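# Commentary on secondary and tertiary structure
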Amino acid sequence: MMDKIFTFTALQRGDEIIERKIRYDSLVVEHTCLLLNAQNQHAVLFHEIMDAFTMKAGPIELNIPIGSYTIAYYWKDRPYNLYIWRDNEGNYLGSYFNIVKNTYMADKLLSFEDLIIDIMVLPDGSHFILDEEELPVPLEQFESGSVKQALNSLLDSIDILLSQIIEESGKLYKHYDLLPWLNNK
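This part takes up the pattern of salt bridges. Oppositely charged side chains may form a pair once their charged atoms are brought near each other. The full count for this structure, using the stated rule, is six salt bridges. Residue Glu167 pairs with Lys171 through a salt bridge whose shortest N-O separation is 3.0 Å. Taken together, the residues Glu167 and Lys171, both in helix H1 (residues 146–172) and four residues apart, mark about one turn of the helix. Note on Glu167: relative accessible area 48%, which makes it partly exposed.

Given below as structure tokens:
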């Protein structure tokens, strides 16, 4: 199976891909997405938000309404993935990093194992670490320290990394090009 990891020769933009998140408690959550781009080391998927939700960091809330969409970035060689949220007019709502492991894609399935810790980023650039209280052991010990290392590395580069990806996302995945995919499933 290793030779199939991030092999996209048969896939085209707009093909349906199942995003499978395997939570730390082994619960599997799946979403049907559309392929935007795929290369050897990363993939970008589109997902329409069908149910509104709110992300919370203490008293801070980030509301993602129905009709918004996600442009999701996945990397085989990075310990995180990234969701960029835009509303139905293309306005940037915020971003969300998942700390993950074992990201792979094969046979129209993109799968990753979620390692609980996330970072929510607001439009003003402020960011918040989420879900540390859900860890079964202290962050320093969780997954032999690899999650803390991934988190620290990401926090060290988050401002530059996120601004580059948001800029790239706006250029490569223009809102008006994605409009036909909204409410079209």
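Counting 33 residues, the largest nonpolar core has Tyr73 and Phe97 as the members making the most contacts within it. When contributions to this core are tallied by element, the ones reaching two or more residues are strand S2 (28–38), strand S3 (42–48), strand S6 (69–75), strand S7 (80–86), strand S8 (92–106), strand S9 (109–121) and H1. With eight residues, the single largest contributor to this core is H1. Apart from residues lying up to four places away in sequence, Phe97 is in contact with Tyr80, Asn81, Leu82, Ile117, Asp118, Ile119, Val121, Leu154, Ile158, Leu161 and Leu162. Counting residues in hydrophobic clusters, the runner-up holds 24 residues, among them Leu11, Ala57, Ala72 and Leu93.

Quick notes on the rules
Residues numbered from 1 in each chain as written. Predicted model: local features only at pLDDT ≥ 70, side-chain atom pairs only at ≥ 80, totals over all residues. Heavy atoms only, no water. Salt bridge = Lys/Arg side-chain N within 4 Å of Asp/Glu carboxyl O. Helix = DSSP H or I, 4+ residues; strand = E, 2+ residues; numbered from the N terminus. Buried < 20%, exposed > 50% of the residue type's maximum accessible area, 1.4 Å probe, protein only. Core = buried A, V, L, I, M, F, W, Y, C linked by side-chain atoms within 4.5 Å. Contact = heavy atoms within 4.5 Å.

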